Amino acid sequence: MGEVSSNDIKKALARKHEEREFFITECKNGPTMTGMLQFDGLAIYKSWAHPNIVGYEIKISRSDFQRDTKFFQYMPYCHELYFVVPTGLIDRMELPNDVGLIYYNSKTQTLTTKKKAIHRNIEINADMLLYIIMNRLNNDRLPFHSSKQEYFQDWLNSKLNDRQLGNMVSSKLINRINELHDINRRSGYIEEQLKELSELHEVMDRYGIHSWNAVKGLEEALSKPYPKKIDDIHKRLTKVVEEMDSIISKQASGENMEG
């Protein structure tokens, strides 16, 4: 129970009324003045035939509940009045017959009505409605803060959530960057292959192997034997080399005999 804040309960009440009713927190009963009352939460059901204003008093500790002696003053301003507390904080028998009790479950963040408030006929207070119209016409927006402590706690939680989100985004960005680097490396390799292929086509074109039928042309060129002239030149060069070797060998023998 010690971990529950009034802001947690206000959020749960806001979710309870977000579809059909007008809901605000810290609602005053009129212009600021001495003796002013302030509901922790107030819901106005949107019905002309059956108007219903529901007031909420939030207590998060036994001492807070036991010190409250003014809740009777709220009765003339709402058709129904509820105490909303962490589960088990107070018992239904501790409340007057016409005051309701709602438990807040901190684990599931849900509300459970333990005692239904008795609907009372009241004259709707014009000053409170004027206060709502003049100052609170729009619904409250999350988060609600009734104290600096709650504000900074929400701020800290928000920062932690932002950090977790940042880590997730950062991890995904790093993975994506690595993927792009890999794609860039592969594209560089492909560019090199294309350049080499282009140069090969140029060479093939110079030798009459047209690129539009490169595979067939290259296969035909490689399958042809060496030209006969090349073989004749090779034989003649071989013979010349042999004759030169013979002359050099004879000269060397003659010199040895003279010596």
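A few points on the structure. Nothing here was measured: the structure is a model prediction, and the numbers come from that model.

**Some points on the packing of aromatic side chains**
(1) Moving on: Counted by the stated rule, this structure contains five aromatic pairs.
(2) Moving on: Ring centres 5.1 Å apart and planes at 80° place the aromatic pair Phe-71 and Phe-83 in the edge-to-face group. With Phe-71 in the loop between helix H2 (62-67) and strand S4 (80-86) and Phe-83 in strand S4, this residue pair connects regions lying 12 residues apart in the sequence. Per residue, the accessibility class of Phe-71 equals that of Phe-83, and both read buried.
(3) Moving on: Taken together, the ring pairs connect Phe-65, Phe-71, Phe-72 and Phe-83 into an aromatic cluster.

**Let's talk about a negative patch on the surface**
(1) Moving on: A surface patch of like charges, here negative, comprises Glu-191, Glu-192, Glu-196, Glu-199, Glu-202 and Asp-205.
(2) Moving on: Its place among the elements puts Glu-192 in helix H4 (residues 148-206).
(3) Moving on: Using a relative accessible area of 54% as the deciding quantity, one classes Glu-192 as exposed.

**Digging into the side chain of Asn-52**
(1) Moving on: Mapped onto the fold, Asn-52 is located in strand S3 (residues 52-58).
(2) Moving on: Within the structure, the side chain of Asn-52 is placed 3.3 Å from the side chain of His-119, a separation counted as a polar contact.
(3) Moving on: Every residue in contact with Asn-52, bar those within four places of it in the chain, is listed here: Ala-43, Ile-44, Tyr-45, His-79, Glu-80 and His-119.

**Focus on the nonpolar core**
(1) Moving on: Formed by 26 residues in total, the largest nonpolar core has its most connected members in Phe-39, Leu-42 and Ile-132.
(2) Moving on: Elements represented by at least two residues in this core include exactly strand S1 (21-28), strand S2 (38-45), S4, strand S5 (100-105) and helix H3 (126-135).
(3) Moving on: Once you skip the residues sitting within four places of it in the chain, Ile-132 turns out to touch Phe-22, Ile-24, Cys-27, Leu-42, Ile-44 and Leu-137.
(4) Moving on: Grouped together as the second largest cluster of nonpolar side chains are 15 residues, Leu-13, Phe-23, Ala-43 and Tyr-56 included.

**Comments concerning the sheet that holds S5**
(1) Moving on: Ordered in space as S1-S2-S3-S4-S5-S6, the six strands form an open sheet in which the pairing is mixed. Because the sheet does not close on itself, it has two edges, and the strands there are S1 and strand S6 (110-115). Neighbour to neighbour, the strand axes of the sheet diverge by 30° on average, direction disregarded.
(2) Moving on: Bridge count for S4 against S5 is five bridges, and the pairing is parallel. Directly across from Val-85, in S5, lies its bridge partner Tyr-103.
(3) Moving on: In the packing of helix H1 (residues 6-17) onto the sheet, the strands contacted are S1, S2, S3, S4, S5 and S6, and the crossing angle to S1 comes to about 150°.
(4) Moving on: This element, H3, spans S1, S2 and S3 of the sheet and lies at about 100° to S1.

**Some thoughts on H1**
(1) Moving on: For H1, with 12 residues, the first-to-last C-alpha span of 17 Å sits near the 16 Å given by 1.5 Å per residue.
(2) Moving on: Inspection of H1 places Ser-6, Asn-7, Ile-9, Lys-10, Ala-12, Leu-13, Ala-14 and His-17 among the buried residues, and these make up the whole buried set.

**Comments concerning the side chain of Arg-120**
(1) Moving on: Its place among the elements puts Arg-120 in the loop between S6 and H3.
(2) Moving on: One buried charge, Arg-120, has no salt-bridge partner; the nearest side chain with opposite charge is Asp-98, at 4.2 Å.
(3) Moving on: Ignoring sequence-local partners within four residues, the contact set of Arg-120 consists of Met-75, Cys-78, His-79, Glu-80 and Asp-98.

About the cut-offs
- Residues numbered from 1 in each chain as written.
- Predicted model: local features only at pLDDT ≥ 70, side-chain atom pairs only at ≥ 80, totals over all residues.
- Heavy atoms only, no water.
- Phe/Tyr/Trp six-rings, centres within 6.5 Å; stacked < 30°, edge-to-face > 60°.
- Helix = DSSP H or I, 4+ residues; strand = E, 2+ residues; numbered from the N terminus.
- Buried < 20%, exposed > 50% of the residue type's maximum accessible area, 1.4 Å probe, protein only.
- Patch = residues over 30% accessible without salt bridge, like charges linked within 9 Å, V, L, I, M, F, W, Y side chains within 5 Å.
- Areas by Shrake-Rupley, 256 points an atom, 1.4 Å probe, with all protein chains shown as cover.
- Salt bridge = Lys/Arg side-chain N within 4 Å of Asp/Glu carboxyl O.
- Lys, Arg positive; Asp, Glu negative; His and termini not counted.
- Charge placed at Lys NZ, Arg CZ, Asp CG, Glu CD.
- Polar contact = N/O pair within 3.5 Å; in protein donor to acceptor, adjacent residues only side chain to side chain.
- Contact = heavy atoms within 4.5 Å.
- Core = buried A, V, L, I, M, F, W, Y, C linked by side-chain atoms within 4.5 Å.
- Pairing = 2+ DSSP bridges.
- Axes fitted to C-alpha atoms, helices over the stretch in contact; angles between N-to-C directions.
- Expected span 1.5 Å × (residues − 1).

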